[in-house]
Amino acid sequence: MVSTDSISTLRADIASRPFVAKLHDWVTTVDHKRLGILYIVYALVFLLIGGIEATIMRIQLIRPHNNFISPSVFNQMFTMHGTT
Ligand code: HEM
């Protein structure tokens, strides 16, 4: 039988592990619940990046002959937004 003492000791051990060890656990996990969380975080991060790229294009196109970004940077934002 597992006492509550041993559970709380276990939690304290997990909490005190170094950041790199925790990161390693996350990027090498096969736990479906953690993988689900990683999918959600991945999608949200790329939604944010694509949104930033779209916003940069929108600012450039907000009025004619705008000089917010150069034509070359606009092309880069277009390609990266499409890819993202
Ligand atoms: C899942 C795919 C995509 C999503 C969710 C998405 C979403 C968006 C959003 C929300 C905007 C801002 C709209 C605005 O400012 O009026 C935008 C702008 C834009 N997107 Fe996408 N986009 C996607 C794919 C693409 C692709 C594949 C291309 C082209 C290869 C593209 C080209 C553009 C361009 C040129 C703009 C700027 C238009 C403007 O602001 O007038 N997008 N996108």
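Residues numbered from 1 in each chain as written. Predicted model: local features only at pLDDT ≥ 70, side-chain atom pairs only at ≥ 80, totals over all residues. Heavy atoms only, no water.

What follows deals with the coordination of the iron atom of the ligand. Reference values for coordination geometry: four tetrahedral donors around a metal ideally subtend 109.5 degrees, six octahedral donors ideally subtend 90 or 180 degrees. Of all protein atoms, H81 (NE2) alone acts as a donor to the iron atom of the ligand, lying 1.9 Å away. Of note, H81 is situated in helix 4 (residues 71–83). (Donors = N, O, S within 2.8 Å, 3.2 Å for Na, K, Ca; no water. Helix = DSSP H or I, 4+ residues; strand = E, 2+ residues; numbered from the N terminus.)

Now for unusual backbone geometry. One non-glycine residue, H65, lies in positive phi territory at about 55°. Considering the arrangement of structural elements, one finds H65 in the loop between helix 3 (32–61) and helix 4. Assessed through its relative accessible area of 77%, H65 is described here as exposed. (Buried < 20%, exposed > 50% of the residue type's maximum accessible area, 1.4 Å probe, protein only.)

Our next topic: the site of the ligand. Every residue near the ligand is listed here: A54, M57, R58, L61, F78, H81 and G82. Contact distances for the ligand include 2.8 Å between a nitrogen atom and a side-chain N or O atom of H81. For the shell around the ligand, the secondary-structure elements that each account for two or more residues are helix 3 and helix 4. Residue composition of the shell around the ligand, by class: four nonpolar, two polar and one charged. (Near = heavy atom within 4 Å. Polar contact = N/O pair within 3.5 Å; in protein donor to acceptor, adjacent residues only side chain to side chain. Nonpolar A, V, L, I, M, F, W, Y, C, P; charged D, E, K, R; others polar.)

Everything listed is a geometric property; what it means functionally is a separate question.
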